[in-house]
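# Residue-level structural notes
If you want the building blocks of each chain, they are given just below.
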Amino acid sequence: RHALLQTRQRYLVLVQGPPGTGKTHLSAATCAAWAEAAPYPAVVVAAAPSNVACNHIMSETLPLLPESIVPGRLGNDESVFDETRIQRSVVHRADGALHMSAGKRRAVNQRIKGELKKGTYRIFFSTYLKAADVDHLPSYGALADGAGQATEPATCVILASAIVGGHTMIVGDAQQLPPSLQDR
C-alpha cells in the first residue's frame, strides 16, 4: 500500500523483493490506478522483458481495470494471438494477423496509428523493446516489471517516459538470474 501511494507522489519508485512478496500484485494495482488517474490523452505502459512475463502482468491487471478503460497488447509474438489474449491485441483489433504480407502490414500499421491518435487505448502491455512503438504518446506512467532480467539497453526503452516526466515504477527480483549475452 505504501509503494502504491509513493507512485502517485513520486515520479520514480523502485520495488525489489524475493518471490512471493506481492510485487506482481502491486504492479497490477499500480497499472490499474495509473490508468484510471491518467488525464486524456496520456497513456500507461506496462512492460516486461519477455512476452511470457508481459502476458502475466496483463492477466493480473485486466481484472482490476474498469470496463471504460481499453487495454492494448502490443507485439507480434504467437502468445499475443493466443485465444485468451487475441481480443487485447492492437494488431488483431486493426484487422491484422500473426503472419501478414508487407502490404497488409502497412495497412494495419496505418489503422493502428489512427487508433493511437484517437486515444482508443489507455493502457498498453508490451515487452520492453516493443514499448518503443508508443513512446511518442504522452505518458502518465511506465511500469518496468522483471527489471532484474532485462538488459540495460532494453530497460532504457521503457524508461524513456521518465525523461518527459511520467511516473515510473521499476520492479525486480535480485534473486532472479540476470540476462546474459554471449559473444561468439
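## Re the side chain of Arg 73
Inspection of the secondary structure puts Arg 73 in strand 3 (residues 71–73). The charged side chain of Arg 73 is buried without a salt bridge, its nearest counter-charge being Asp 77 at 5.8 Å. In this view, Arg 73 contacts Asn 51, Cys 54, Asn 55, Met 58, Ser 79, Val 80, Arg 88, Ser 89, Val 90, Phe 125 and Ser 126; residues no more than four positions away in its chain are not counted.

## Focus on the state of the cysteines
Applying the stated rule across the entire model yields zero disulfides. We note that Cys 54 lacks a disulfide partner, and the nearest cysteine sulfur, in Cys 31, lies 9.9 Å from it. Of all cysteine sulfurs in the structure, the one in Cys 54 sits closest to Cys 156, which takes part in no disulfide; the separation is 19 Å. Owing to a relative accessible area of 54%, Cys 156 belongs among the exposed residues under this scheme.

## Structural notes on the environment of Arg 85
Tracing the chain through its elements places Arg 85 in the loop between strand 3 and helix 4 (90–93). Separated by 65 residues in sequence, Arg 85 and Gly 20 place their C-alpha atoms 25 Å apart. Once you skip the residues sitting within four places of it in the chain, Arg 85 turns out to touch Asn 55, Met 58, Ser 79 and Val 80.

## So, the side chain of Ser 126
Tracing the backbone shows Ser 126 in strand 4 (residues 123–127). Within the structure, Ser 126 has its side chain in polar contact with the backbone nitrogen of Ala 131 (distance 3.4 Å).

## Description of the sheet that holds strand 1 (residues 12–16)
The sheet built from six strands is open, its strands ordered 1-6-5-2-4-3 with parallel pairing. Edge strands, defined here as strands with exactly one partner in the open sheet, are strand 1 and strand 3. Strand-to-strand twist across the sheet, computed as the mean angle between neighbouring axes with direction ignored, equals 15°. Two strands pair when backbone bridges link them, and strand 2 (residues 43–48) and strand 5 (residues 139–144) are joined in this way by five bridges, in the parallel orientation. The residue bridging Val 44 from the neighbouring strand is Gly 141, located in strand 5. Lying over the sheet, helix 3 (residues 51–61) contacts strand 2, strand 3, strand 4 and strand 5, oriented at roughly 155° with respect to strand 4.

## Remarks on the nonpolar core
Core analysis: the largest hydrophobic core is formed by 27 residues, its most contacted members being Ile 112, Leu 116, Phe 124, Tyr 128, Val 134 and Ile 158. Those elements that place two or more of their residues in this core are strand 2, helix 4, helix 5 (102–118), strand 5 and helix 6 (152–158). By size, the runner-up hydrophobic cluster in this structure holds 23 residues, among which are Ala 35, Ala 38, Ala 46 and Leu 143.

Criteria and cut-off values
Residues numbered from 1 in each chain as written. Predicted model: local features only at pLDDT ≥ 70, side-chain atom pairs only at ≥ 80, totals over all residues. Heavy atoms only, no water. Helix = DSSP H or I, 4+ residues; strand = E, 2+ residues; numbered from the N terminus. Buried < 20%, exposed > 50% of the residue type's maximum accessible area, 1.4 Å probe, protein only. Lys, Arg positive; Asp, Glu negative; His and termini not counted. Salt bridge = Lys/Arg side-chain N within 4 Å of Asp/Glu carboxyl O. Contact = heavy atoms within 4.5 Å. Disulfide = S-S within 2.5 Å. Polar contact = N/O pair within 3.5 Å; in protein donor to acceptor, adjacent residues only side chain to side chain. Pairing = 2+ DSSP bridges. Axes fitted to C-alpha atoms, helices over the stretch in contact; angles between N-to-C directions. Core = buried A, V, L, I, M, F, W, Y, C linked by side-chain atoms within 4.5 Å.

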